[in-house]
Amino acid sequence: MSNALSNPVIESEEHRALRAAVAALAKRYGREYFATVVAEGRHTDELWQEAAKAGYLGVNLPEEYGGGGAGITELSLVLEELGAAGCPLLMLVVSPAICGTVIARFGTEEQKRTWLPGLADGSRKMAFGITEPDAGSNSHRITTTARKEGGDWVLNGRKIFVSGVDIADATLIVGRTEDAGTGKLKPCLFIVPREAPGFGRSPVAMELAAPEKQFELTLDDVRLPADALVGDQDAGLLQLFAGLNPERIMTAAFALGMGRYALARAVDYARTRQVWKEPIGAHQALAHPLAQCHIELELAALMMRKAALLYDAGDDMAAGEAANMAKYAAAEAAVHTVDQAVHTLGGNGLTREYGLASLVTAARVARIAPVSREMILNFVSHQSLGLPKSY
Ligand SMILES: Cc1cc2nc3c(=O)[nH]c(=O)nc-3n(C[C@H](O)[C@H](O)[C@H](O)COP(=O)(O)OP(=O)(O)OC[C@H]3O[C@@H](n4cnc5c(N)ncnc54)[C@H](O)[C@@H]3O)c2cc1C
């Protein structure tokens, strides 16, 4: 089955070669590997390491720090193909895309040397924590606070739903400085090592069949050296969005990969399953919704490409709008496609053997995180259409 971009007119030979190579690697692992890892409570270490060794995981990071010197365009393509083979690596959204990008763009030379080579070769991972229990979608309300004490920073606060903290060497925590405690958010980003004293984590019980877990975090007088701060404490939202736009584009890739995987399973099934004279795929009541899903995925893929191109070209403003739209389109396409795929398989859609039922909750993640469908519609209403705000 084609995807929107695997065409020489639209996608360069280099991109198509990368896509094919990642797809071939992911296919060797496949959904069975992923499901086994989840069932055994393990992580996708073998796939992570092999993909890293081939240079796929750090493809967006600067060459001088061990990366591939390409961009979010290439990294999103890697994640999409892994997902399309049934092996999405959620930590790609966080570690190289958000944290790697923020450090590469705003980190000190020392921070770049310390973190980027490890993020690029997969030997180190970083999680990203912004969501708070009492702030949720309204990041302006976050209360995780950093105060200066001598030469150190001391952090206090709570975070929720932060993915992969247990397997990350550190978490990039979004806080605010003490003197910026009220009014508009002026975010500051801190690298908090996993075992830093006062940095607690407890898993949130989620109904998700995924190797990455979500955690509630407590920061209780976490003392960090001055160089734990990434970037300028007064730079405000600019630095944060340098990481959040890649996050949205990568979430689109995550959703697209999943959608393509589900659609391919449904199409295979519909072609061969026969309960009347013709295979069930001949019934338009099944064929048309699958065709519709294919169209929606293709459209979302094009939007994702637009967002990634704008981001890689350095146009953060235009990339912001496109990244939100791409995340919206891909998440909606994935939720619709997974639902339709499950339905296409009838009872088998809900069996463990066919592996589609677990995607029902997995696809919903892309609709909720990192920014919900409604918050994107709010963004487009206000920023793109100039409509007034209700909140
Ligand atoms: C699997 C998973 C992984 C995650 N990983 C991470 C991570 O690694 N790091 C991290 O920081 N966070 C992570 N998150 C958190 C995620 O980003 C948040 O769940 C998301 O931003 C929504 O916040 P909330 O859950 O507090 O929902 P709320 O903000 O409470 O929203 C609840 C509902 O109200 C709606 N709503 C809220 N405000 C408005 C409004 N003004 N207008 C219309 N509707 C509105 C929302 O759209 C939503 O439907 C993860 C979440 C999940 C589920």
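Reading guide: rules and limits
- Residues numbered from 1 in each chain as written.
- Predicted model: local features only at pLDDT ≥ 70, side-chain atom pairs only at ≥ 80, totals over all residues.
- UniProt positions renumbered as here; feature names shortened; annotations may be inferred.
- Core = buried A, V, L, I, M, F, W, Y, C linked by C-beta atoms within 7 Å.
- Buried ≥ 20, exposed ≤ 12 C-beta atoms within 10 Å, placed from the backbone.
- Contact = placed C-beta atoms within 7 Å.
- Near = placed C-beta within 6 Å.
- Helix = DSSP H or I, 4+ residues; strand = E, 2+ residues; numbered from the N terminus.
- Nonpolar A, V, L, I, M, F, W, Y, C, P; charged D, E, K, R; others polar.
- Domains from an automatic or database assignment.
- Axes fitted to C-alpha atoms, helices over the stretch in contact; angles between N-to-C directions.
- Parallel < 35°, antiparallel > 145°, perpendicular 65-115°, else oblique.
- Left-handed = near helix turned anticlockwise from the far one by under 90°.
- Pairing = 2+ DSSP bridges.
- Expected span 1.5 Å × (residues − 1).
- Bend = angle between axes of the 7 residues up to and from the residue.

Going by what an unreviewed UniProt entry lists, the protein is known as Acyl-CoA/acyl-ACP dehydrogenase and is assigned to Streptomyces yunnanensis. The UniProt entry for the protein carries the following comment under Cofactor (unreviewed entry): "FAD". UniProt, in its Sequence similarities (unreviewed entry) section for the protein, records the words "Belongs to the acyl-CoA dehydrogenase family."

> Hey, could you run me through the nonpolar core in this one?
One recurring pattern in soluble globular proteins is that nonpolar side chains are buried together. Grouped together as the largest cluster of nonpolar side chains are 120 residues, with contacts concentrated most on Phe 190, Met 304, Ala 326 and Ala 330. Setting aside chain neighbours within four positions, we find Ala 330 in contact with Ala 252, Ala 255, Leu 256, Ala 300, Met 304 and Ala 366.

> So what exactly am I meant to see when it comes to the site of the ligand here?
Near the ligand you find 22 residues, and of these Gly 136, Ser 137, Ser 163, Ser 372 and Glu 374 are the closest. Going through the elements one at a time, strand 1 (126-129), strand 3 (152-163), helix 9 (358-368) and helix 10 (373-384) are the ones with two or more residues in the shell around the ligand. Among the residues forming the shell around the ligand, the class breakdown is 13 nonpolar, eight polar and one charged. Looking at which domains feed residues into the shell around the ligand, each of domain 2 (127-230) and domain 3 (237-384) supplies at least three.

> It is not clear to me how the packing of helix 4 (residues 91-106) against helix 5 (residues 109-121) should be interpreted in this structure. Could you clarify?
Relative orientation and spacing of two packed helices are given, respectively, by the angle between their axes and the distance between those axes. Contact geometry for helix 4 and helix 5: axes closest at 10 Å, N-to-C directions at 155°. The orientation of helix 4 with respect to helix 5, classified from their angle, is roughly antiparallel. Here the hand of the crossing between helix 4 and helix 5 comes out left-handed. Across the interface between the two elements, Ser 95, Pro 96, Cys 99, Gly 100, Ile 103 and Ala 104 from helix 4 touch Gln 111, Lys 112, Trp 115, Leu 116 and Leu 119 from helix 5.

> Help me understand the packing of helix 6 (residues 237-272) against helix 7 (residues 284-312), please; the structure alone is not making it clear to me.
Relative to each other, helix 6 and helix 7 sit at 155°, their axes nearing to 10 Å. Classified by the angle between their axes, helix 6 and helix 7 sit roughly antiparallel to one another. Of the two elements, helix 6 crosses helix 7, and the hand of that crossing is left-handed. Mapping the contact onto sequence places Asn 245, Pro 246, Ile 249, Ala 252, Ala 253, Leu 256, Gly 259, Arg 260, Leu 263, Ala 266, Val 267 and Ala 270 in helix 6 and Leu 286, Leu 290, Cys 293, His 294, Leu 297, Ala 300, Ala 301, Met 304, Ala 307, Ala 308 and Tyr 311 in helix 7. Looking at side-chain class alone, the contact of helix 6 with helix 7 contains 19 nonpolar, three polar and one charged residues.

> Help me understand the UniProt feature "domain: Acyl-CoA dehydrogenase/oxidase C-terminal" (unreviewed entry) in the protein, please; the structure alone is not making it clear to me.
When the UniProt feature table is mapped onto this chain, "domain: Acyl-CoA dehydrogenase/oxidase C-terminal" (unreviewed entry) is found at residues 236-380. Span residues 236-380 is 78% helix and 0% strand, its end C-alpha atoms 22 Å apart.

> Just to check I follow, could you spell out the pairing of strand 7 (residues 214-224) for this structure?
As a general feature of sheets, a regular strand has side chains that alternate between the two faces. Taken together, the eight bridges between strand 3 and strand 7 define a ladder with antiparallel strand orientation. When the sheet's bridge partners are listed, Trp 153 is paired in strand 7 with Leu 224. Relative to strand 7, strand 6 (residues 199-203) is paired through five bridges, and the arrangement is antiparallel. Each residue of the ladder has a partner; that of Phe 199, found in strand 7, is Leu 219.

> Would you explain unusual backbone geometry in this entry?
With the exception of glycine, most residues fall at negative phi, and the peptide bonds are largely trans. With an omega of -10°, the peptide bond between Ala 369 and Pro 370 qualifies as cis. Within the element layout of this structure, Pro 370 appears in the loop between helix 9 and helix 10. In this model, Phe 161 sits at a positive phi of 65°, which is unusual for a non-glycine residue. Residue placement: Phe 161 occurs in strand 3.

> I'm lost on the domain arrangement of the protein in this one. Help?
In many analyses, interface size is given as the accessible surface area lost on bringing the parts together. We note that the domain assignment places domain 1 (13-125), domain 2 (127-230) and domain 3 (237-384) within the protein. Taking the mean C-alpha position of each, domain 1 and domain 2 sit 23 Å from one another. Facing the 19 residues of domain 1 at the interface are 15 residues of domain 2. Those elements that place two or more of their residues in the side of domain 1 that touches domain 2 are helix 1 (13-39), helix 4 and helix 5. The biggest single contributor to the side of domain 1 that touches domain 2 is helix 4, with seven residues. Here the side of domain 1 that touches domain 2 is composed, by residue class, of 10 nonpolar, five polar and four charged.

> Please clarify how helix 4 should be interpreted in this entry.
One full turn of an α-helix is made of 3.6 residues, so residues set three or four places apart face in the same direction. Between the first and last C-alpha of helix 4 there are 21 Å, a value that for 16 residues agrees with the 22 Å anticipated at 1.5 Å per step. At Gly 100, helix 4 shows its strongest bend, of approximately 35°.

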